[in-house]
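Each chain, written out:
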Amino acid sequence: MENNIQHSDIYALAHHHRFQWEEAQQSYVILFPEGMVKLHGGAGEVIKRVNGKASVADIVADLKAAFPEAEGIEADIIGMFEMAVGKAWLRKIN
């Protein structure tokens, strides 16, 4: 299933989900009633910026500025949004 992520979309963490750094895992995680998911690589950097106010375009621009050496980063960011929305970790605000 493909989600239609638009640059103007604004997302927040889904209800009953919590994003945090997990020292024991040495990574960012999303906690929810059914369990926990460990976020690898840049996934934590994307979700860390999801705040219910920043648009997808804002997050892409911020990550491009933070990681200028990362080629093709926009496609990876959009892919992370598609996966997170598909797994119901994020909810659309607008």
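See the structure shown above.
Bear in mind the structure is a predicted one, so any value in this text is a computation, not a measurement.

## Notes on the overall build of the protein chain
From N to C terminus, the protein chain includes 3 helices and 5 strands. For the protein chain, the α and β elements follow one another from N to C terminus as β-β-β-β-α-α-α-β. In summary, the protein chain has a C-alpha radius of gyration of 13 Å against a globular reference of 12 Å for 94 residues, a match within 12%. With respect to the principal axes defined by its C-alpha atoms, the protein chain has extents near 30 × 30 × 25 Å. Counting over 94 residues, the protein chain shows a buried share of 36%. A separation of at least 24 residues holds for 55% of the contacts in the protein chain among residues at least 6 apart in sequence. Entry remark: accessible area of the protein chain is about 5,600 Å², with carbon and sulfur atoms responsible for 52%. Looking at charge distribution, the protein chain has the averaged site of its 9 positive side-chain charges lying 7 Å from that of its 13 negative ones.

## Here we look at unusual backbone geometry
Here the phi dihedral of His16 falls at roughly 70°; this positive angle occurs in a residue that is not glycine. Tracing the backbone through its elements, the reader meets His16 in the loop between strand E1 (11–13) and strand E2 (18–22). Given a relative accessible area of 68%, His16 falls into the exposed group. Its identity is not glycine, yet Gln26 carries a phi of approximately 55°, on the positive side. You can see Gln26 is positioned in the loop between E2 and strand E3 (27–32).

## A word on helix H3 (residues 73–86)
In a regular helix each residue adds 1.5 Å, so 14 residues correspond to 20 Å; H3 covers 20 Å between its end C-alpha atoms and thus fits that length. Those residues of H3 not exposed but buried are Ile73, Ile77, Ile78, Met80, Phe81 and Ala84. Relative to the axis of H3, the buried residues are bounded by an arc of 155° and lie together on one face. Away from its buried face, by an angle of more than 90 degrees, H3 presents the exposed residues Ala75, Asp76 and Gly86.

## Some details on the pattern of salt bridges
A complete count under the given rule lists 5 salt bridges for this structure. For Asp9, the salt bridge goes to Lys92, with nearest N and O atoms at 3.3 Å. One end of the pair, Asp9, is in the segment before E1; the other, Lys92, is in strand E5 (residues 90–92), and 83 residues separate them in sequence. Since its relative accessible area comes to 46%, Lys92 is described here as partly exposed. Between Glu45 and Arg49 there is a salt bridge, with its nearest N and O atoms 2.8 Å apart.

## Comments concerning the packing of aromatic side chains
Under the counting rule described, the total for this entry stands at 3 aromatic pairs. Measuring from ring centre to ring centre gives 4.9 Å for Phe19 and Tyr28, while their planes differ by 15°; the resulting arrangement is stacked. Judged by centre distance (5.2 Å) and plane angle (80°), the rings of Trp21 and Tyr28 are edge-to-face. By the ring-pair criterion, three or more aromatic residues cluster together here, those being Phe19, Trp21 and Tyr28.

Procedures and definitions
Residues numbered from 1 in each chain as written. Predicted model: local features only at pLDDT ≥ 70, side-chain atom pairs only at ≥ 80, totals over all residues. Heavy atoms only, no water. Helix = DSSP H or I, 4+ residues; strand = E, 2+ residues; numbered from the N terminus. Rg over C-alpha atoms; globule rule 2.2 N^0.38 Å. Buried < 20%, exposed > 50% of the residue type's maximum accessible area, 1.4 Å probe, protein only. Contact = heavy atoms within 4.5 Å. Areas by Shrake-Rupley, 256 points an atom, 1.4 Å probe, with all protein chains shown as cover. Lys, Arg positive; Asp, Glu negative; His and termini not counted. Charge placed at Lys NZ, Arg CZ, Asp CG, Glu CD. Expected span 1.5 Å × (residues − 1). Arc of directions from axis to C-beta. Salt bridge = Lys/Arg side-chain N within 4 Å of Asp/Glu carboxyl O. Phe/Tyr/Trp six-rings, centres within 6.5 Å; stacked < 30°, edge-to-face > 60°.

Function cannot be inferred from these measures alone, as they are strictly geometric.
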